[in-house]
Structure formats: structure tokens, C-alpha cells
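Descriptive analysis of the structure
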Amino acid sequence: MTSTAPPRTAARSRQGPPLVVRDVDGPAEMADCVALYERVMGLRPGDGSLNPRLLTALQHNSGLVVGAFLGDHLVGFTYSFLAREHGTDGSGRRLYQYSQLAVVAHERQGLGIGRLLKLGQRDRCLAEGTTLIRWAYDPMQTRNAHFNLDVLGAVVDTFKPAMYGTSGFGAATGESTDRFIVSWHLDGAARPAGPAPEPPPGGHRAGEVYDEGEDRIVVLPDDWDRLRAETGPEHAARLRGRVSRTFARLLADRTAVSCVRLPDGLAAYRFIPRAAAHGPTPRP
Ligand SMILES: CC(C)(COP(=O)(O)OP(=O)(O)OC[C@H]1O[C@@H](n2cnc3c(N)ncnc32)[C@H](O)[C@@H]1OP(=O)(O)O)[C@@H](O)C(=O)NCCC(=O)NCCS
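Residues numbered from 1 in each chain as written. Predicted model: local features only at pLDDT ≥ 70, side-chain atom pairs only at ≥ 80, totals over all residues. Heavy atoms only, no water.

What follows covers the overall build of the protein chain. Scanning the protein chain from terminus to terminus reveals 6 helices and 12 strands. Split into buried and exposed, the 284 residues of the protein chain put 46% on the buried side. Restricting the contact set of the protein chain to residue pairs at least 6 apart, pairs at least 24 apart contribute 64%. Accessible area of the protein chain: about 14000 Å², with a carbon and sulfur share of 52%. (Helix = DSSP H or I, 4+ residues; strand = E, 2+ residues; numbered from the N terminus. Buried < 20%, exposed > 50% of the residue type's maximum accessible area, 1.4 Å probe, protein only. Contact = heavy atoms within 4.5 Å. Areas by Shrake-Rupley, 256 points an atom, 1.4 Å probe, with all protein chains shown as cover.)

Written out as C-alpha cells, the structure reads:
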């Protein structure tokens, strides 16, 4: 626990208690976090999990465990730990929080709670003088991408193919655990997100790339889990492999700044030249 009172953020819901974003406090609330995590991620025996002792240890040692509460009821949380950049020449070794996870209860998703949670995490970082948060996410999960890039204003730094191995867990078993690493700059330098892509000109399908001036637009399904369920895991794994090669190529000199839903079950990433990306502006 910190010695000074950590920031709390409150937002009034239409009915019932206000939503409060604050540090998770004590073993019972840490256990609530673990239970919520397992529920939201649909973990099965053998998938591995968190435990309350780990969260407590992180919180006591420069990590953050921030929860969203309706009254006493935990409806979301995020946790992170202090990390240091690897500088090749001893320079640029700044500190940041690496955020391992953010979850909101299924029945409360899409209501703005995740955004308030991340803003609470941001406030906790700024209070401690940390101006950068990084995390990883599966680039095929385009709603998460939209949340990270458009809602929060993070930018994609790097691509880590098979970050946790060549096979994921749960429904993603058998699919490579490819991840984008995003940076969320909290000191608010402006960066252009660019306009939302127009619906792709006729005939574009998931996996294809097209040009909009200097930008590259990558078309994906708007719901990866549905695609896997409808077309089968082999098709999903093949498409992932193909798109991953595209991502690796584009990220050599570009960065992704936006991912939006398009008609017809599609979504699209916008990659802009790195030189044009100066830093994010979170959506007000
Ligand atoms: C990602 C997550 C934390 C976002 O929290 P949230 O409370 O649903 O997000 P918000 O309501 O603040 O923002 C919703 C925005 O994010 C997008 N979003 C991302 N995932 C979403 C989801 N599962 N349900 C609804 N919206 C989602 C929406 O498109 C929406 O954008 P819009 O406002 O432009 O329409 C939450 O959906 C979640 O727990 N998902 C499952 C766990 C997960 O994948 N976590 C991230 C990787 S660790």
C-alpha cells in the first residue's frame, strides 16, 4: 500500500451506487479479482491463473492493482508492475508500468467502465511520476484494439509473434499467441489518429490490405471468436498466420493508431508512417 492516499475516481451510474475506481484493498478484494479474472476469461483447469498473494506482492512493490467498484462489488480491475526499458547504450532506460491485464465483468462491458478503470490506472501512475504504460493484446481482437487505440489513444510499438507460445488457451488453443505491444503516453503529446477508414472498396475481405494515401488499411473480421467458431480453428489459424506476416511487414516503418468496425462483419486497422506518429491524445 502507498503511504499517501491514492486517487479515487467516481462516476454516477443511472441507478444504484456510484462507480468508484480505487486501489484494491486487502486479501478478500484480491480474491474477488482472481475470481472475476477466471470468470471473464473463461479459464479451465490447467489454463493457469492469478492468485491473491501475487497481486498483494505486486501492490506492495511498486505495482498497481486498481479496481472498479459498484458499492462493495468489484466489477472490473487492472494490474500492472513497474518495468524499465532496455537501453542498448545505457540511455533511454525510463521506468513505466507494464499492465498485464484489464477485465470488466461480462454483464458490465461496453458501458464505459473499462475506460474509467484505465483512467484510474493512469491517475495512479501520474501521481507517482510515471508517464508511460505498456501492455500486450491479441491484434485479432479488434474490439480490444479499438479500445486501446481509439478510446484510450495508445499506439502500437511492436509485434511479438507467439509471445506466450505457439498455442493459446481456451477457444484459442492451437492458435499462435501473437501480441501487439502498445504504449500509452500519459503526458499527452498530440498524435493524429487519422480518419476512420471508409468501408473497403468492393470485394475486400478479411486479411487484405489496401492503401489510403500513405496509410495502410488492414481488414479483419470484427469478431475473431465468431470467425473461429463459424469457419473452424484451422481456417482461423491460417488467416492469423497470413495477417501476422502483414503486421510484421507494416510495423517495420509504420505504427497502428486506430481500429474501427466496418459494415458486413469487418473491422479495419489504420497503419500510419512512424514519422507521422508523435504521441497519443486520449479521447476526451
Ligand atoms: C476490454 C475491456 C476491459 C474494456 O472494458 P469495457 O468496460 O467493456 O470498455 P468501455 O465500455 O470503457 O469501452 C468500450 C469500447 O471498447 C470497445 N470494446 C472492447 N472490448 C469490448 C467488449 N468486450 N464489449 C464491449 N465493448 C468493447 C468497444 O468497441 C467500445 O468502443 P466505443 O465506445 O467506441 O463503442 C472489457 O471489454 C473486457 O473485460 N474484455 C474481456 C477481457 C479482455 O479481453 N481484456 C483485455 C485484454 S487483457
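Tallying each qualifying case throughout the model produces 10 aromatic pairs. Summarising the aromatic geometry, the rings of Trp 135 and Trp 184 are spaced 5.9 Å apart at their centres and angled 85° between planes, so their arrangement reads as edge-to-face. Pair noted here: Trp 135 is in strand β6 (residues 132–137) and Trp 184 is in strand β8 (residues 179–185), with a separation of 49 residues, a long-range link. A relative accessible area of 6% places Trp 135 in the buried class. By relative accessible area, Trp 184 is classed as buried at 0%. (Phe/Tyr/Trp six-rings, centres within 6.5 Å; stacked < 30°, edge-to-face > 60°.)

All chains considered together, the criterion is met by 20 salt bridges. Between Asp 47 and Arg 44 there is a salt bridge whose closest N-O contact spans 3.7 Å. Of the residues examined, Arg 44 reaches a relative accessible area of 45% and is grouped as partly exposed. In this structure, Arg 124 engages Glu 128 in a salt bridge whose closest nitrogen and oxygen atoms are separated by 3.4 Å. The class of Arg 124 is buried, set by a relative accessible area of 4%. Residue classification places Glu 128 among the partly exposed residues on the basis of a relative accessible area of 40%. Here the salt bridges do not stand alone but share partners, grouping Asp 138, Glu 175, Asp 178, Asp 225, Arg 228 and Arg 240 into one network. (Salt bridge = Lys/Arg side-chain N within 4 Å of Asp/Glu carboxyl O.)

Spatially, the 4 strands line up as an open sheet ordered β9-β10-β12-β11, and their pairing is antiparallel. Since the sheet does not close on itself, it has two edges, and those belong to β9 (209–212) and β11 (254–262), each with one partner. Geometrically, the sheet is characterised by an average inter-axis angle of 25° between neighbouring strands, direction not taken into account. This element, helix α6 (residues 233–250), spans β9, β10 (215–221), β11 and β12 (266–273) of the sheet and lies at about 160° to β10. (Pairing = 2+ DSSP bridges. Axes fitted to C-alpha atoms, helices over the stretch in contact; angles between N-to-C directions.)

Position of Arg 124 relative to the elements: it lies in helix α3 (residues 113–127). Each C-alpha atom, one on Arg 124 and one on Arg 22, is 9.0 Å from the other, the two residues being 102 residues apart in sequence. A polar contact is formed between the side chain of Arg 124 and the side chain of Asp 23, at a distance of 2.8 Å. (Polar contact = N/O pair within 3.5 Å; in protein donor to acceptor, adjacent residues only side chain to side chain.)

Moving on to the site of the ligand. Taken together, 19 residues surround the ligand, and among them Val 104, Gln 109, Gly 112, Gly 114 and His 146 come closest. Measuring from a nitrogen atom of the ligand, one finds a side-chain N or O atom of Gln 109 at 2.7 Å. Calculation on the ligand without its partners gives an accessible area of 850 Å², and the protein chains cover 76% of this total. Taken together, the elements giving at least two residues each to the shell around the ligand come down to α1 (26–41), β5 (95–104), α3 and α4 (142–151). (Near = heavy atom within 4 Å.)

Moving on to unusual backbone geometry. Phi at Ala 162 takes a positive value of approximately 50°, unusual for a residue other than glycine. Residues other than glycine seldom take positive phi values, yet Asp 264 does so here, at roughly 65°. One can find Asp 264 in the loop between β11 and β12.

So, on to the packing of helix α5 (residues 224–231) against α6. Packed helices, taken two at a time, are described by their axes: the angle between them and the distance between them. Contact geometry of α5 with α6 gives a least axis separation of 6 Å together with a crossing angle of 130°. The orientation of α5 relative to α6 falls into the category oblique. Contact with α5, carried on its side by Trp 224, Leu 227, Arg 228 and Thr 231, involves Pro 233, His 235, Ala 236, Leu 239 and Arg 240 of α6 and no other residues of that element. Grouping the constituent residues of the contact of α5 with α6 by class yields 5 nonpolar, 2 polar and 2 charged. (Parallel < 35°, antiparallel > 145°, perpendicular 65-115°, else oblique. Nonpolar A, V, L, I, M, F, W, Y, C, P; charged D, E, K, R; others polar.)

In this section: the confidence of the model for the protein chain. Residues at a pLDDT of 70 or more form 86% of the protein chain, whose mean pLDDT is 88. Model confidence for the protein chain, summarised as mean pLDDT per element, is weakest for strand β1 (residues 9–11) at 68 and strongest for strand β3 (residues 64–70) at 98. Every residue in residues 279–284 scores below 50 in pLDDT, and together they form 22 contacts with partners more than four places removed in sequence or on other chains. (pLDDT = per-residue confidence, 0-100.)

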